[in-house]
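# Fold and contact review
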Amino acid sequence: MAKRAESPQGDSPSSIITLLLRYGALMLIDALALFLFYRLATDGVWELAVAIVLITLLVNVINLAPNLVPLRWISPSLALLLLMVVYPIIYTVYVSFTNYGDAHPYTKAQTIALILNEQIVGRSYSWAAYVRGEELGVMLIDEDGSLEFVAGNAAPRRVERVDGELPQEVDGYILDDSRGRRLRVVAQGTFGPADDPITVNRNLAIVVNEKTPRYIWDEAANTLTNVETGEVFRADDQRGWFIRADRYEEYLAAVEADPNARLGDFVMKTSQFPLQVGYRVVVGLQNFERFFNSPALRGPLVSIFLWTVTFAFMSVLLTFTVGLLIALLLQAKTPGRRIFRTLLIVPYALPALIAVVTWRGMLNDNFGVFTLWIIRPIEGLLGVDIPSFFADPTMARVGLLLVNLWLGYPYFMLVCSGALAGIPSDMYEAASVDGANWWQQFRSLTLPLLLVSVGPLLIASFTFNFNNFVMVEAYNEGGPPIAGAAFGAGHTDLLINYAFQIAFGTGRGADYGLASTVSIVIFMIVATITVFQKRFTRNWEETGRNV
Amino acid sequence: MSSAGVSLKAGIDAKSKKRIELGYRGQQRIWMIVRMAILTAMVIFALFPVVWIVSASFNPKQSMVSQTLIPQGVENAEQLLRNYNTLLNTPRYPFWRWVANSVFIAAVTSFGTVMLCALSAYSFSRFRFWGRSNLLVFLLLVQVFPNILAVVAIYLILQQIGTHIPFIGLNTAGGLILVYLGGAMGVNIWLMKGFFDTVPRDIDESALVDGANHWQTYWLLIFPLVRPILVVVGILAFVGTFNEFALARVILRDNESWTLMVGLYTNFVSNNFGQNWGIYAAGSVLGSLPTLIIYLLLQDQIVGGLTQGAVKG
């Protein structure tokens, strides 16, 4: 290959402008990245902050190093791919090792900060009114008799009692506790500095308001103490909960007895916390253990896994068979081939969601046209009772495959048409001279040659259907439900729908950790299929060459 | 049987058929009729749902129970178009807003995909550099994992970024576009690179000799030459984004920011499907038209791009 001379930047008149543009864009990106890094780091979202800095660094290196010119062209795509595809995959792995979810939404530091924000409000005092000209002041009288004076926008000031009486004058303010003054104090309402005001209630007798944190955090002891009630909560850094110290042993015993139990119920009983949530910690393989060991999860898991494989396999088989059949029919000299083809692509040209939902209507148990026009007559003819498409597990699955056949065959029809046209006709000639009949020709000539080019697509279609989330979601949201299963698992749920339900499903709250675990398991299955595909396609290519 | 099979088995030289026994013509005709019958049956299977949804959209009674193939009780245009009227003129259903969101998101995604992928494809096609083949394989490998699998992570990332840069956060078109763009890179770069490879390199060489730099060569010479594949990728990206549902539903949260697919599904399918059947049908008909027209008009180009990508990818 000829070595291409790198055109010197200075030669062309536009290069100064491009140079400025490039540096300008880089600076803009860097500024944005730094801003995000600073803000995200402040939030404690270190993973994303670091990822953004690394990606930005990479983009900078690529665009500044003189010998990486080819990569400059790729850098925008690469940056997007890293941020929106690669990082999410890595982050998914990380989340699968944590207890992230509605029950553990924040890091420990964030959670403590939130809890310390929780303040005791509306502490009541007796009070007396003071006046200086038109300005008002308030003397707060605590239960123990100590005094504090608040006026205008000044901070509260401690005042000593003289002879057991309220002072007659403070900072020029004169005691005037008449009813009229008190009313005026109530009318003004707020006193003290703007960031920490005290409020006088409409209730004339008492009032005022002071804010103190309800909890005190003790770093060394790893405990939170409720100032009002004296309750102590101990942090469990392994599982991310604050547990009442007096019941901590009981809690540990419960955990030990059943490490995979959902702790929420027990924690609710023992923590009685204003926030009612734990914090995010790395829990190691606990999600994986829960996923594979808990009966409520494992039962449906096996069934869902088997169905996912069956669904993907049957979908590919059906769509490929029908698509190939039509491709063969269209290849023969049939009048109106072009019109047939155009009409037969229509299912492929419709938005999948709309198509599936339309079928959902047509298969409806009571009023669906498919049920009324086809299922009922068959029932009448055979004298049997065909169960409904949405209540019966088997029928739901049959319906799903039917709809997917409708959606998917045009793709294989198109692909097979292309591939068939690519098979040289002299091969058939030779075969028929040798006396091979149609079936022999098809089986030992057409199919192997077709599979060389279409084979990888079959596997791609398998992985696609393995994760065909929208199909199931739009058809019946995974129903009918499997009895006794957690997270509303249903008979038509694919693994990906199951993961989705765990993450975003209503009911028990989101559990991102567990959902990511399911995603990781799917990742691994897909990866295995990919390796398998590489082997498989290589085999096919070899057969193709031998033919 | 064998001769019939041969005729079914298409594309075969006519000569080999001609020397077959008498009655061949008759048999051939029967097989043709069988073929036609099968194809017609398939067409009915393929088109019936479309006919049915169109009929539902014109049924003045809206509900699924009352639907007949030919809408009953239609006496004037108002009744015929009642579902469309309800859909378009009910403030609760910001239909045009959904359409505008969908079109905006799909257009920006499609434009961005074409521009960014073309840049990358040019580099992969024209330069030889360290790590090139590894990068290409990496693009393919990443593509094996659909981004719906990492949806939890994507959701959290947008949430985290969105607190500081609101227009690319959750519930925004910007955030969704970023996600789509990231997901669109792999396959499309491959598809385009395949096409770029078919443009003779002599064109670049001569331009470079004449003193043009790479950018000028790319922008003024190559870019116009590869327009067909850019159009195909752009259209496929537009249609794919316009019809996308899963990610859009997770990321977009309220009625005003929904795309057409999410809006239709959440308003008419998630609750009272049977009662909303007619309105849903009207929405589907309007919502399917853009894609359908694009596909049917450009089917040759799209099929070309599809099979090319398929064989290559």
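What you see is a predicted model; the values in this text were computed from it and never measured. (Residues numbered from 1 in each chain as written. Chains lettered and ligands numbered in written order. Predicted model: local features only at pLDDT ≥ 70, side-chain atom pairs only at ≥ 80, totals over all residues. Heavy atoms only, no water.)

## Regarding the overall build of chain B
The helix and strand tally for chain B stands at 16 helices and zero strands. Considering chain B as a whole, with its 313 residues, one finds that 56% of them fall into the buried category. The long-range share in chain B, meaning contacts at least 24 apart out of those at least 6 apart in sequence, stands at 69%. Put simply, chain B shows about 13400 Å² of open surface, and 66% of that area lies on carbon and sulfur atoms. (Helix = DSSP H or I, 4+ residues; strand = E, 2+ residues; numbered from the N terminus. Buried < 20%, exposed > 50% of the residue type's maximum accessible area, 1.4 Å probe, protein only. Contact = heavy atoms within 4.5 Å. Areas by Shrake-Rupley, 256 points an atom, 1.4 Å probe, with all protein chains shown as cover.)

## Quick look at the overall build of chain A
Check the secondary structure of chain A and you find 18 helices and 16 strands. Looking at chain A as a whole, 50% of its 547 residues are labelled buried. A separation threshold of at least 6 residues defines the contact pool for chain A, and within that pool the share at least 24 residues apart is 64%. Of the roughly 26000 Å² of accessible surface on chain A, a fraction of 62% belongs to carbon and sulfur atoms.

## Focus on the packing of aromatic side chains
Two aromatic rings are characterised by how far apart their centres lie and by the angle between their planes. Considering all chains together, one arrives at 52 aromatic pairs over all chains under this definition. Each ring, one from Phe37(A) and one from Trp46(A), has its centre 6.2 Å from the other, and the planes form 75°; the classification is edge-to-face. On the basis of relative accessible area, Phe37(A) is assigned to the partly exposed category, the value being 27%. Note on Trp46(A): relative accessible area 48%, which makes it partly exposed. In textbook terms, an aromatic cluster arises when at least three aromatic residues are bridged by ring pairs, as seen for Trp73(A), Tyr122(B), Phe127(B), Phe196(B), Trp215(B), Tyr218(B), Trp219(B) and Phe223(B). Directly above the aromatic system of Tyr248(A) lies the positively charged group of Arg234(A), at a separation of 4.0 Å from the ring centroid. Over the aromatic face of Trp190(B) sits the side chain of Lys193(B), whose NZ or CZ is 5.9 Å from the ring centroid. (Phe/Tyr/Trp six-rings, centres within 6.5 Å; stacked < 30°, edge-to-face > 60°. Lys NZ or Arg CZ within 6 Å of the ring centre and 35° of its normal.)

## A look at the side chain of Thr446(A)
Along the chain, Thr446(A) turns up in helix α15 (residues 438-466). Among the polar contacts listed, one links the side chain of Thr446(A) to the side chain of Tyr428(A), at a separation of 2.9 Å. (Polar contact = N/O pair within 3.5 Å; in protein donor to acceptor, adjacent residues only side chain to side chain.)

## Considering unusual backbone geometry
Of note in this structure, Glu477(A) is not a glycine but carries a positive phi near 55°. Within the fold, Glu477(A) resides in the loop between α16 (469-476) and α17 (495-504). For Glu477(A), a relative accessible area of 32% translates into the label partly exposed. Residues other than glycine seldom take positive phi values, yet Asn171(B) does so here, at roughly 65°. Summarising the element assignment, Asn171(B) is placed in the loop between α8 (151-162) and α9 (173-198).

## Section: the pattern of salt bridges
Residue and element names in this part refer to chain A. Evaluation of the coordinates by the stated rule reveals 16 salt bridges over all chains. Between arginine 280 and glutamate 47 there is a salt bridge; the shortest N-O distance is 3.9 Å. Linking arginine 280 in strand β16 (residues 279-280) with glutamate 47 in helix α2 (residues 46-64), this pair joins segments that are 233 residues apart in sequence. Note that aspartate 171 and arginine 157 form a salt bridge whose closest N and O atoms lie 2.9 Å from each other. You can see aspartate 171 sitting in the loop between β7 (169-170) and β8 (173-175) and its partner arginine 157 sitting in strand β6 (residues 157-159), a full 14 residues away along the chain. (Salt bridge = Lys/Arg side-chain N within 4 Å of Asp/Glu carboxyl O.)

## What about the interface of chain A and chain B?
Across the contact, 102 residues belong to chain A and 107 residues belong to chain B. Taken together, the two surfaces of chain A and chain B that pack against each other cover about 9800 Å², and 78% of this comes from carbon and sulfur. Put simply, chain A and chain B have one salt bridge between them. Here Glu473(A) ties to Arg249(B) by a salt bridge, and the two come within 2.5 Å at their closest N and O atoms. At the boundary of chain A and chain B, one finds 13 residue pairs in polar contact (both at pLDDT 80 or more). Ranked by the residues each element gives to the side of chain A that touches chain B, the list is headed by helix α3 (residues 69-96) of chain A, at 18 residues. Classifying every residue of the side of chain A that touches chain B gives 72 nonpolar, 19 polar and 11 charged. (Buried area = accessible area lost by both parts, 1.4 Å probe. Nonpolar A, V, L, I, M, F, W, Y, C, P; charged D, E, K, R; others polar.)

## Let's talk about the side chain of Ser461(A)
Residues and elements named next belong to chain A. Within the element layout of this structure, serine 461 appears in helix α15. By relative accessible area, serine 461 is classed as buried at 11%. In contact with serine 461, other than residues within four places in its own chain, are Val316 and Phe412.

## Let's talk about the sheet that holds strand β12 (residues 215-218) of chain A
Residues and elements named next belong to chain A. Read from one edge of the open sheet, four strands run β12-β13-β14-β15, paired in antiparallel fashion. In the strand order of this sheet, the two ends are held by β12 and β15 (241-244), each with one partner. Recorded for the sheet is a direction-independent mean angle of 30° between the axes of neighbouring strands. The pairing of strand β13 (residues 223-226) with strand β14 (residues 232-236) spans three bridges and is classified as antiparallel. Bridged to leucine 224 within β14 is phenylalanine 233. The strands touched by helix α4 (residues 108-117) are β12, β13, β14 and β15; relative to β12, the strand with the most contacts, the crossing angle is about 150°. (Pairing = 2+ DSSP bridges. Axes fitted to C-alpha atoms, helices over the stretch in contact; angles between N-to-C directions.)

## Some words on the environment of Pro60(B)
Residues and elements named next belong to chain B. Mapped onto the fold, proline 60 is located in the loop between α3 (24-57) and α4 (77-80). With a relative accessible area of 7%, proline 60 lands in the buried category. In this structure, the C-alpha to C-alpha distance between proline 60 and leucine 80, residues 20 residues apart in sequence, is 6.0 Å. Discounting residues that sit within four places of it in the chain, proline 60 has contacts with Pro71, Gln72, Gly73, Val74, Gln79 and Arg82.

## Notes on the confidence of the model for chain A
Caution applies to low-pLDDT parts of the model: their predicted coordinates are not meant to be read in detail. Mean pLDDT over chain A: 82, with 88% of residues reaching 70 or higher. Long-range and interchain partners of residues 1-13 of chain A, a stretch whose pLDDT sits below 50, account for 16 contacts in this model, where long-range means more than four residues apart. (pLDDT = per-residue confidence, 0-100.)

## Structural notes on the sheet that holds β6(A)
Residue and element names in this part refer to chain A. Read across the sheet, six strands follow the order β6-β5-β4-β3-β8-β7 without closing on themselves; strand pairing throughout is antiparallel. In this open sheet, the two edge strands, each paired with only one partner strand, are β6 and β7. The strands touched by helix α5 (residues 179-188) within the sheet are β3 (126-132) and β4 (135-141), with β3 carrying the most contacts at an inclination of about 95°.

## Here's the deal with the environment of Trp359(A)
Within the element layout of this structure, Trp359(A) appears in helix α11 (residues 352-362). C-alpha separation for the pair Trp359(A) and Phe370(A), spaced 11 residues apart in sequence, amounts to 8.7 Å. Contact partners of Trp359(A), with chain neighbours within four places excluded, come to Phe370(A), Leu402(A), Val403(A), Trp406(A), Phe45(B) and Pro49(B).

## So, the pairing of β12(A)
All names here are of chain A. The alternating pattern of β12 places Tyr215 and Trp217 on a buried face, while none of Ile216 and Asp218, on the opposite face, is buried. When β12 meets β13, the two strands line up antiparallel, connected through four bridges. When the sheet's bridge partners are listed, isoleucine 216 is paired in β13 with threonine 225. Hairpin connection of β12 to β13: four residues between the antiparallel strands, including asparagine 222 at a positive phi of 60°.

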